[in-house]
Amino acid sequence: MKSRPGSPGEGSSPPASAAGLPPPAERGATVIPDRVVARIAAQAARSAQARRAAVPPDRGGPAAPHASAAVRTGSVRLHLTMDLPYPTDIPRVCERIQRDVAERVAQLTGLRVGEVLLTVRRLVTATDSSRGRVR
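Residues numbered from 1 in each chain as written. Predicted model: local features only at pLDDT ≥ 70, side-chain atom pairs only at ≥ 80, totals over all residues. Heavy atoms only, no water.

Novice: Could you give an account of the pattern of salt bridges, naming the residues involved and the relevant values?
Specialist: Within the structure shown, the criterion is met by 7 salt bridges. Between R51 and D100 there is a salt bridge, with its nearest N and O atoms 3.0 Å apart. Taken together, the residues span a long stretch of sequence, with R51 in helix α1 (residues 34–52) and D100 in helix α2 (residues 90–109) at a distance of 49 residues. Judged by relative accessible area, D100 falls into the buried class, the value being 11%. By sharing partners, the salt bridges in this structure join D83, R121 and R122 into a single network. (Salt bridge = Lys/Arg side-chain N within 4 Å of Asp/Glu carboxyl O. Helix = DSSP H or I, 4+ residues; strand = E, 2+ residues; numbered from the N terminus. Buried < 20%, exposed > 50% of the residue type's maximum accessible area, 1.4 Å probe, protein only.)

Novice: How would you explain the side chain of D83 if you had to name every residue and give the values?
Specialist: Position of D83 relative to the elements: it lies in strand β2 (residues 75–85). Among the residues examined, D83 registers a relative accessible area of 0% and is labelled buried. What D83 contacts, discounting residues up to four positions off in sequence, is Q49, P62, A63, R121, R122 and V124. (Contact = heavy atoms within 4.5 Å.)

Novice: Outline α1, listing residues and values.
Specialist: Compared with an ideal rise of 1.5 Å per residue, which puts 19 residues at 27 Å, α1 spans 26 Å between its outermost C-alpha atoms and is within 8% of the ideal. When α1 is considered as a whole, its buried residues turn out to be V37, A38, A41, A42, A44, A45, R46, A48 and Q49. On its buried side, α1 packs onto β1 (66–72), β2 and α2. Positive phi shows up at A54, right after α1, with a value of about 55 degrees. (Expected span 1.5 Å × (residues − 1).)

Novice: Talk me through the sheet that holds β1; I want residue IDs and the actual numbers.
Specialist: The strand order across the open sheet built from 3 strands is β1-β2-β3, with neighbouring strands paired in mixed fashion. Two strands in the sheet have a free side with no partner beyond their single neighbour: β1 and β3 (112–124). In this sheet, neighbouring strand axes are inclined to one another by 15 degrees on average, regardless of whether the strands run parallel or antiparallel. Sheet contacts for α2: β2 and β3; angle to β3, the most-contacted strand, approximately 140 degrees. (Pairing = 2+ DSSP bridges. Axes fitted to C-alpha atoms, helices over the stretch in contact; angles between N-to-C directions.)

Novice: I'd love a proper account of the nonpolar core, names of residues and values included.
Specialist: Most often, soluble globular proteins keep nonpolar side chains buried together rather than apart. Judged by nonpolar contacts, the single largest core of 26 residues is most densely connected at V37, V76, L78, L80, I97, V101 and V105. Among the elements that take part in this core, α1 stands out by supplying 7 residues, more than any other. Those residues in contact with V76, other than ones at most four positions away along the chain, are V37, A69, A70, V71, V105, L111, R112, V113, G114 and E115. (Core = buried A, V, L, I, M, F, W, Y, C linked by side-chain atoms within 4.5 Å.)

Structure (structure tokens):
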């Protein structure tokens, strides 16, 4: 089957340089605001908390993790604040959560994660997490 010159199958659109666009390196940069990176980190922390610390991500459990981010020249520093269950191996769980969050943020944003500071807000026992629930 023949197609006419200029049909979609033949690459009829002019190259970027012919369209008057500058080369990709000169077009600018994608900037991700700190608050967006912080929201991504908070969601990644919630997932990691459920997976690594056996904390179900439901409304009756611990408070949702909080995150803040500082993005500078292609890298980011994160600060997470979250609850953990008691008893647990706190150093090991914190290290795994930090690693999970760093990997997920890097994957989703393309930024290099330089530091993940994790503050444990409180330790939640089984009786703490069941308070306030209607059975």
